[in-house]
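# Observations on chain architecture
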Amino acid sequence: MIDNRIQKIEEFQKLIVKTIATNRIGVNLPLIGGFRFRLLDNSPRFSIDIDYHCHGDLHQKQGELLRVFQSTVLPLTKQKTGYSGSASEKIGPDADSPHNKVLDIAFFKEGTPYSRMETCIDITRIQRMDDPVAKTFEGAIILTLSDADMIESKVLSLFNRIYLQERDMVDLYLFKDKFREDSPERISEKITRSTLDWDFVKKRFKKIIGDRDYHIRNINTIIEEQFDAIATENLRIGGGGALVFDQAAGILKILLKLPGKRKS
């Protein structure tokens, strides 16, 4: 269940996204990921990260975003909320990836113990087939990717990540209606043109099914900790993590069973 602290983090996240969307840095920088679903599609699931798709140099965009935070976002946050903040490029072995760059963001009240709250911005690149889409939030134009590219990216994420994240399965369940009739063919093409190997995809899918109980426990934790209160209660009554897992696994089975060109 989302508590007051998480609700406060969401206030900061909304301010960040709106500020970026109305700044030159936000031109051709589509918002993606779980927070996109939360902000623009009323997802009941809270997302700690803010994700952007960047078609250019990720490290360069990371630096540009850092400068905007220091010059604009943090002073505006201080003015509107009374919270000071910090922003820094994430460093270390887990951050040294050519496919993902991260800004660590923190907000805090000076002189107030335990007031520190953290989020981050992930700058990444996902497979897409459609043009970006402009949506609105509180009068701001938020650039994002198409619904189909968004939900299809969740399928690829289950196989692209080193460690499977059950939140991707949760989002498959929540937004399964955003798949298109031709999504199986689109996903097959995206997998084929990516660095993924079809044999690996099949093996991981088999492992996902084999680890059903483990994934259900993790999904139940997500439901309890990251969902709005009413959604948590209704989902718990209606089947909980087992329902979410079984439906997500069924979606994957349909999508990945279709024949596609295999890499040699």
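Description of the structure in this document. Values in this document were obtained by computation on a predicted structure and should not be read as measured data.

This brings us to the environment of Lys78. The topology assignment puts Lys78 in helix H3 (residues 58–81). By relative accessible area, which is 41% here, Lys78 ends up partly exposed. A C-alpha to C-alpha distance of 51 Å links Lys78 and Asp199, two positions 121 residues apart in sequence. At 3.3 Å, the side chain of Lys78 and the side chain of Ser84 are in polar contact.

The phi angle at Asn28 is positive, at roughly 60°, despite the residue not being glycine. The topology assignment puts Asn28 in the loop between helix H1 (4–21) and strand E1 (31–32). Backbone geometry at Glu138 places phi at a positive 50°, although glycine is not the residue there. Turning to its location among the elements, Glu138 is positioned in the loop between strand E6 (133–137) and strand E7 (140–144). Overall, Glu138 belongs to the exposed group, its relative accessible area being 56%.

Overall, the coordinates contain 26 salt bridges when judged by the stated rule. The residue Arg186 makes a salt bridge to Asp130 at a minimum N-O spacing of 3.0 Å. Here Asp130 lies in the loop between strand E5 (117–124) and E6 and Arg186 lies in helix H6 (residues 183–192), a separation of 56 residues in the sequence. On the basis of relative accessible area, Arg186 is assigned to the buried category, the value being 5%. Since its relative accessible area comes to 17%, Asp130 is described here as buried. Here Asp182 ties to Arg180 by a salt bridge, and the two come within 2.8 Å at their closest N and O atoms. Note on Arg180: relative accessible area 37%, which makes it partly exposed. A network of salt bridges, in which partner residues are shared, links Arg36, Asp41, Lys135, Asp147 and Lys178.

Conventions adopted
Residues numbered from 1 in each chain as written. Predicted model: local features only at pLDDT ≥ 70, side-chain atom pairs only at ≥ 80, totals over all residues. Heavy atoms only, no water. Helix = DSSP H or I, 4+ residues; strand = E, 2+ residues; numbered from the N terminus. Buried < 20%, exposed > 50% of the residue type's maximum accessible area, 1.4 Å probe, protein only. Polar contact = N/O pair within 3.5 Å; in protein donor to acceptor, adjacent residues only side chain to side chain. Salt bridge = Lys/Arg side-chain N within 4 Å of Asp/Glu carboxyl O.

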